Amino acid sequence: MTRHLGRASLIGGVLSWCALLAAVFAGGLDPSPALAATLQAISMTAIVIAVVSVCLGIMAIARGPQRAAAAFGLSLSLLFVLYFTGLGFAVLPNP
């Protein structure tokens with residue numbers, strides 16, 4: 001199982017960004033009330049995928065043979081979590 005953690009982290013990072021694009025193409029820029037539940041479900045799924053991918057990436061960097069894929073997947077997922085949960089604004093200094 002530990003042989004595939006790096007690839008799983010990379011795939012999770014890419015899938016979280018793809019889910020965000022799917023939400024935007026499904027009407028995220030100008031949502032109607034009928035699509036609100038669907039867009040919320042897609043966005044929540046993307047955040048959950050990103051958080052799981054962050055955990056897998058940390059484990060893969062520590063244990064797995066695919067450290068490059070794990071580092072890239074970890075960075076993609078961590079950027080997703082920081083940007084789209086608002087945690088990135090807490091880290092950045094105020095001007």
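Keep in mind it's a predicted model, so treat the numbers as computed, not measured.

Criteria and thresholds
- Residues numbered from 1 in each chain as written.
- Predicted model: local features only at pLDDT ≥ 70, side-chain atom pairs only at ≥ 80, totals over all residues.
- Heavy atoms only, no water.
- Core = buried A, V, L, I, M, F, W, Y, C linked by side-chain atoms within 4.5 Å.
- Buried < 20%, exposed > 50% of the residue type's maximum accessible area, 1.4 Å probe, protein only.
- Helix = DSSP H or I, 4+ residues; strand = E, 2+ residues; numbered from the N terminus.
- Contact = heavy atoms within 4.5 Å.
- pLDDT = per-residue confidence, 0-100.
- Patch = residues over 30% accessible without salt bridge, like charges linked within 9 Å, V, L, I, M, F, W, Y side chains within 5 Å.
- Areas by Shrake-Rupley, 256 points an atom, 1.4 Å probe, with all protein chains shown as cover.
- Salt bridge = Lys/Arg side-chain N within 4 Å of Asp/Glu carboxyl O.
- Expected span 1.5 Å × (residues − 1).
- Phe/Tyr/Trp six-rings, centres within 6.5 Å; stacked < 30°, edge-to-face > 60°.

**A closer look at the nonpolar core**
By size, the foremost hydrophobic cluster in this structure holds 5 residues: A19, A46, A50, F80 and V81. For this core, the secondary-structure elements that each account for two or more residues are α2 (36-63) and α3 (67-85). Not counting residues within four places of it along the chain, the set of residues in contact with V81 comprises A50, V51, G86 and L87.

**Things to note about the confidence of the model for the protein chain**
Confidence in the prediction for the protein chain averages 84 pLDDT; 88% of positions are at 70 or higher. When pLDDT is averaged over each helix and strand of the protein chain, the minimum, 68, is found for helix α4 (residues 87-91) and the maximum, 89, for α2.

**Describing a nonpolar patch on the surface**
Together, L21, V24, F25 and L29 give the surface a local cluster of nonpolar side chains, amounting to about 480 Å² of exposed area. Among the structural elements, L29 can be located in the loop between α1 (5-28) and α2.

**A short note on the side chain of S53**
Take S53: it is sitting in helix α2. Look at S53 and you get buried, because its relative accessible area is 1%. Excluding residues that lie within four positions of it along the chain, S53 makes contacts with A8, S9, G12, G13, G73 and S77.

**Looking at α2**
In this model α2 runs 41 Å from its N-terminal to its C-terminal C-alpha over 28 residues, within 8% of the 40 Å that 1.5 Å per residue would give. Taken as a whole, α2 has its buried residues at L39, A46, A50, S53, V54, G57 and A60.

**With respect to the packing of aromatic side chains**
Throughout the structure, instances matching the rule amount to 3 aromatic pairs. An angle of 80° between the planes, with centres 5.4 Å apart, marks the rings of W17 and F80 as edge-to-face. On the criterion of sequence distance, the pair formed by W17 in helix α1 and F80 in helix α3 is long-range, its members being 63 residues apart. Classification of F80 as buried rests on a relative accessible area of 2%. With 5.1 Å between their ring centres and 45° between their planes, F80 and F84 make a pair best called tilted. A residue pair is termed a helical-turn pair when its members lie 3 or 4 positions apart in one helix, as F80 and F84 do in helix α3 at 4 residues. An aromatic cluster of at least three residues, connected via ring pairs, comprises W17, F80 and F84.

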